[in-house]
Amino acid sequence: GSGPSSRFFTPKSRDTYEGAPDLSGRVMELSKIQSGSRYLQRQLCKGHPETVMLILSEVEENLTTLMTDSYGNYLCQQLFQACSIRQRKNMLEKLRPNATRIAKDRRGTHALQSLIGLLSTAEEEVMLIDTLRDHLVELASDCNGTHVVQRMLICFTEQGVDEVFHQIRNNITEVAQSPYGLCVVKKCITLATEGSRFHQAMLHTLCTHAMHLVQSPYGNYAVQHAMDHWPEDAVRRILHCFRGKMLSLSIQKFSSNVVEKCIEKADPALRAEFVGELIKPDKMAVLIQSSYGNYVVQKALELSDPEQAKAIQKAINKNLKTLQNHRLRTKWERIMHSAYKYIGEASPSVLSNSHQDDPHIQQQQQQLRMGPMGAPSMGMGGGMPHHPVPPPAMAFFPPPAAPAPA
């Protein structure tokens, strides 16, 4: 035939179309098929103003459709590069009603990230921020939208970054409730390192919402991220938020991980205060009943001096007789054995004397002594069990805008 078909657009036929007039009326049709999209991208790469104008004039009213299309989104990415600032601003205006929907689309997110990376003036940034401002929290928590928000934090100038940062900071407890939002929060925490204009504001926000965040499945990782990346003075302020609350946090699944981090990051004096709080008789009576508390105590033992370790051992021993759960009691007895080894005293028994008459415990003792297949066992010592820390949220780094097919 004399022109490219919407169904078949072969290399042979495309080579016969060199000028912009040949594309008139066919751009939308060609952009949605693989070979047609590639052909249009090659025409844009040549940089002829007439070709760019023709393609732009035919697609600008259908940008939303193209940016979310399997092949059209690649054409849009190439088109954004070929456009002038004036033309990009015109496209931003056309995108206003549907920008949020595009950002949440699995193909549209790549096209929009490509556009964000090309914005070169403050006016363009303001246009996009005005469009997305009321939806930034929603986008940050979306599996595709999160990459758009992260790209804005990376690519925008100070004024643009300030706007996005403060929207996330002001809604941190909501954003940190999902793995996708957590990635945005962590990026904001990284931006707010010491000396940054964001540091004091983010530090105040984390301290204000610390108790809420550490009990969240994902928010607890935001607090730990700050402890790992911020200087000692800032970390100390966060640690002080948990004084007097060690017990309630140690017996919960998610916050117990943060308590371990607190014990690790605290200076010796504050660590002694935290440990002292946990081993009070009334506190240990509750802690010893928790399947998470034993991991906190293990971490405390790892970092304690011999005197603190001896105090921990005595506190456990006093309360062990009240523990009826055999499996949990075995875990605590292993901790006891490790404590005896650490403070240089001989353990009176691998298992607590208070339970020697318990048939279940006697059976466990026999199994431990004999080991597998009747072989003599080396006993229960040999290291403390590892804390099954929940896996961290996936690192949703903003993927680069998908490259156009060759």
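Residues numbered from 1 in each chain as written. Predicted model: local features only at pLDDT ≥ 70, side-chain atom pairs only at ≥ 80, totals over all residues. Heavy atoms only, no water.

> Account for the overall build of the protein chain, with residues named and values stated.
Check the secondary structure of the protein chain and you find 27 helices and zero strands. Sorting the 406 residues of the protein chain into buried and exposed places 50% on the buried side. Considering only contacts within the protein chain whose residues lie at least 6 apart along the sequence, 73% involve residues at least 24 apart. Of the roughly 18900 Å² of accessible surface on the protein chain, a fraction of 52% belongs to carbon and sulfur atoms. (Helix = DSSP H or I, 4+ residues; strand = E, 2+ residues; numbered from the N terminus. Buried < 20%, exposed > 50% of the residue type's maximum accessible area, 1.4 Å probe, protein only. Contact = heavy atoms within 4.5 Å. Areas by Shrake-Rupley, 256 points an atom, 1.4 Å probe, with all protein chains shown as cover.)

> Lay out the pattern of salt bridges in plain terms, naming residues and giving numbers.
Throughout the structure, instances matching the rule amount to 16 salt bridges. One salt bridge connects glutamate 61 with lysine 94, and the closest N-O pair in it is separated by 2.7 Å. Highlighted residues: glutamate 61 in the loop between helix H4 (49-59) and helix H5 (63-67) and lysine 94 in helix H7 (residues 85-95), separated in sequence by 33 residues. Here glutamate 61 falls in the exposed class, since its relative accessible area comes to 57%. As a salt-bridge pair, aspartate 233 and arginine 236 come within 3.0 Å of each other at their nearest N and O atoms. Highlighted residues: aspartate 233 and arginine 236, both in helix H19 (residues 232-240), separated by three residues, approximately one helical turn. For aspartate 233, a relative accessible area of 51% puts it in the exposed group. A single salt-bridge network, built from bridges that share partners, covers Asp130, Arg133 and Glu163. (Salt bridge = Lys/Arg side-chain N within 4 Å of Asp/Glu carboxyl O.)

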